[in-house]
Amino acid sequence: MTTAALIVAAGKGVRAGTDIPKQFVALCGRPLVAHSHAAFAAHPGIDQILFVIADGQADALHNALQDPNADPARSVSRIDHVTGGAERRESVRAGLEVLADRGVTRVLIHDAARPFLPPAVIDALLTALDRAPGAVPALPVADTLARGDHRLGENVPRGGLHRIQTPQAFHLDAILAAHRAWPAEEEATDDAQMLRRAGHDVILVPGDPMLDKITHPADFAAAQARHRAALVSRSAMGFDVHRFDAGAQLWLGGVRIPHDRGLSGHSDADVALHAITDALLGAVGAGDIGMHFPPGDPKWRGAASAQFLEHAAHLVDAAGGVIDFIDLTLICEAPKIGPHRDAIRASIAALLNLKVQQVSVKATTTERLGFTGRGEGMAAQAIATVRVPE
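### Topic: the overall build of the protein
Right, on to step 1. Assigned secondary structure in the protein consists of 12 helices and 19 strands.
Right, on to step 2. A compact globule built from 390 residues should have a C-alpha radius of gyration of about 21 Å, whereas the protein, at 27 Å, is more than 25% larger.
Right, on to step 3. The principal-axis extent of the C-alpha atoms belonging to the protein is close to 85 × 50 × 35 Å.
Right, on to step 4. Looking at the protein as a whole, 46% of its 390 residues are labelled buried.
Right, on to step 5. Accessible surface, the protein as shown: approximately 19,100 Å² in total, 51% of it carbon and sulfur.
Right, on to step 6. One finds the centroid of the 37 positive side-chain charges in the protein at a distance of 3 Å from the centroid of its 44 negative side-chain charges.

### Brief notes about a nonpolar patch on the surface
Right, on to step 1. Among the surface-exposed residues, M237, F239, V241, F371 and I383 lie close enough to one another that they form a single nonpolar patch of about 430 Å² accessible area.
Right, on to step 2. No other element matches the three residues that strand 13 (residues 232-245) contributes to the nonpolar patch.
Right, on to step 3. With respect to the element layout, M237 can be found in strand 13.
Right, on to step 4. The exposure class assigned to M237 is exposed, which follows from its relative accessible area of 53%.

### Digging into helix 5 (residues 172-181)
Right, on to step 1. Where helix 5 is concerned, the buried positions are L172, A174, I175, L176, A178 and H179.
Right, on to step 2. Packed against the buried residues of helix 5 are helix 3 (88-101), strand 6 (106-111), strand 11 (168-171) and helix 6 (191-197).

### A short note on the packing of helix 8 (residues 271-283) against helix 10 (residues 306-318)
Right, on to step 1. Contact geometry for helix 8 and helix 10: axes closest at 9 Å, N-to-C directions at 15 degrees. Classified by the angle their axes make, helix 8 and helix 10 are roughly parallel. Remark: the crossing between helix 8 and helix 10 carries left-handed chirality. Only A306, F308, L309, A312, A313, L315 and V316 of helix 10 make contact with helix 8, whose side of the interface consists of L273, H274, I276, T277, L280 and L281.
Right, on to step 2. Each residue belonging to the contact of helix 8 with helix 10 can be placed in one class, and the counts come to 11 nonpolar, two polar and no charged.

### Side note on the environment of R89
Right, on to step 1. Along the chain, the position of R89 falls in helix 3.
Right, on to step 2. For R89, a relative accessible area of 13% corresponds to the buried category.
Right, on to step 3. When the C-alpha atoms of R89 and E186 are compared, they prove to be 9.7 Å apart, with 97 residues separating the residues in sequence.
Right, on to step 4. Leave out the neighbours within four places in its chain, and R89 touches H179, W182, P183, A184, E186, E187 and M194.
Right, on to step 5. Of note is the side chain of R89, whose polar atom sits 3.1 Å from the side chain of E187.

### Let's talk about the sheet that holds strand 13
Right, on to step 1. Read across the sheet, five strands follow the order 16-13-19-17-18 without closing on themselves; strand pairing throughout is mixed. Only two strands of the sheet have a single partner each, and these edge strands are strand 16 (262-263) and strand 18 (359-364).
Right, on to step 2. Alignment of strand 17 (residues 322-331) against strand 18, held across six bridges, turns out to be parallel. Each bridged residue has a counterpart across the sheet, and for L330 the counterpart in strand 18 is A363.
Right, on to step 3. Against the sheet, helix 8 contacts strand 13, strand 16, strand 17 and strand 19 (377-388), and its axis sits at roughly 150 degrees relative to strand 13.
Right, on to step 4. Most of the contacts of helix 11 (residues 341-352) go to strand 18, to which it runs at about 140 degrees, and overall it touches strand 17 and strand 18.

### Some points on helix 10
Right, on to step 1. Between the first and last C-alpha of helix 10 there are 18 Å, a value that for 13 residues agrees with the 18 Å anticipated at 1.5 Å per step.
Right, on to step 2. Of the residues making up helix 10, those classed as buried are F308, L309, A312, A313, L315, V316 and A318.
Right, on to step 3. Each element contacted by the buried residues of helix 10 is listed here: strand 3 (30-31), helix 8, helix 9 (289-292), strand 17, helix 11 and strand 19.

### With respect to the packing of aromatic side chains
Right, on to step 1. Going through the model one piece at a time under the given rule, you end up with three aromatic pairs.
Right, on to step 2. Seen in terms of ring centroids, F293 and W300 are 4.8 Å apart; in terms of plane orientation they differ by 85 degrees. Their pairing is edge-to-face.
Right, on to step 3. With centroids separated by 5.8 Å and ring planes inclined at 80 degrees, the aromatic side chains of W300 and F308 adopt a geometry described as edge-to-face. The pair formed by W300 and F308 is uniform in burial state, with each residue classed as buried.
Right, on to step 4. By the ring-pair criterion, three or more aromatic residues cluster together here, those being F293, W300 and F308.

### A closer look at the pattern of salt bridges
Right, on to step 1. Summed over all chains, the structure comprises 14 salt bridges.
Right, on to step 2. Note that E97 and R93 form a salt bridge whose closest N and O atoms lie 3.1 Å from each other. Here the residue E97 and the residue R93 both occupy positions in helix 3, the gap between them amounting to four residues, near one helical turn.
Right, on to step 3. You can call R93 partly exposed: its relative accessible area is 33%.
Right, on to step 4. The salt bridge involving R180 is made with E97; its shortest N-O contact spans 2.8 Å. Here the residue R180 occupies a position in helix 5, and E97 occupies one in helix 3, the gap between them amounting to 83 residues.

Definitions and cut-offs
- Residues numbered from 1 in each chain as written.
- Predicted model: local features only at pLDDT ≥ 70, side-chain atom pairs only at ≥ 80, totals over all residues.
- Heavy atoms only, no water.
- Helix = DSSP H or I, 4+ residues; strand = E, 2+ residues; numbered from the N terminus.
- Rg over C-alpha atoms; globule rule 2.2 N^0.38 Å.
- Buried < 20%, exposed > 50% of the residue type's maximum accessible area, 1.4 Å probe, protein only.
- Areas by Shrake-Rupley, 256 points an atom, 1.4 Å probe, with all protein chains shown as cover.
- Lys, Arg positive; Asp, Glu negative; His and termini not counted.
- Charge placed at Lys NZ, Arg CZ, Asp CG, Glu CD.
- Patch = residues over 30% accessible without salt bridge, like charges linked within 9 Å, V, L, I, M, F, W, Y side chains within 5 Å.
- Salt bridge = Lys/Arg side-chain N within 4 Å of Asp/Glu carboxyl O.
- Contact = heavy atoms within 4.5 Å.
- Axes fitted to C-alpha atoms, helices over the stretch in contact; angles between N-to-C directions.
- Parallel < 35°, antiparallel > 145°, perpendicular 65-115°, else oblique.
- Left-handed = near helix turned anticlockwise from the far one by under 90°.
- Nonpolar A, V, L, I, M, F, W, Y, C, P; charged D, E, K, R; others polar.
- Polar contact = N/O pair within 3.5 Å; in protein donor to acceptor, adjacent residues only side chain to side chain.
- Pairing = 2+ DSSP bridges.
- Expected span 1.5 Å × (residues − 1).
- Phe/Tyr/Trp six-rings, centres within 6.5 Å; stacked < 30°, edge-to-face > 60°.

What follows is the structure, given as structure tokens:
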């Protein structure tokens, strides 16, 4: 058997209130459509993935699926897709016809507007296809249901009622036959109802609240909250050292500090931001600052270290992570950090789009021991606490 995932991403997303189709809007660090693609690509039961997109969306799809952490030489060169129709039913059929020509035997049809796809749901659907030609994830209705317009009407019994989600799984020959037989003038609520009307059984498997669909503007915030609740916490440390230079300016945490000497380095030598940058890179397993900004590269000579920090924060975001807290310790005999502490905290918070309360800045000395004790340079140690997908 060959199993394909058919991701339907041809809509305009008008109700979402976004400037671009919602499937290409960023959610938790990556475009909406990239989340479900990653889930299917990582599942061993899925052999191929086909997108259905609207005419003219090929470039947007290609860009949405590029990994910002990947080597450019290994970027995705071609995204398998087909152009859909004016209605969802037409788009799905276009994809099914292509998959049938390829000899695919089972298909999971999924809406790109349901980004967070648990592997357990895919497992349950594939297992169910051994017993029936169709299966769908479903959640029991828990709320009270009632009829009415502007006034409350009679209650509707909720026993046996379910909310149906995607992906919906099918034997491809059965669902394609149901699509081909469907009246052209009639729209279908979903593919499972088409298969059921054709006389086939459709099994219900446990759905997941993570699969709730994004339709309206408020749904983006709700989806982000669901995603963040499933993250795990990591902490990573960064450490940096620079020597003093009488001809340089002193920058700490993005703030210029009045002092008779600055720090020597290829960039602006902001020891504080360098340490935080390494801590953030470590939290998402993205190497160290030297890998991203080689000190031998002339384009970084004299560069503001704020761009290094913002790059690291972008990689955390692209990994679906959330920065929770930054703890920075500056180690030096002079200058005194206390008078500048609040400005440094505010600067770091602004660069990382955090509240000031999420940034701690401390200072200490080495009791005149070592190179910092002799006033030869300054060191910084930072710990970043980040939540990332498990």
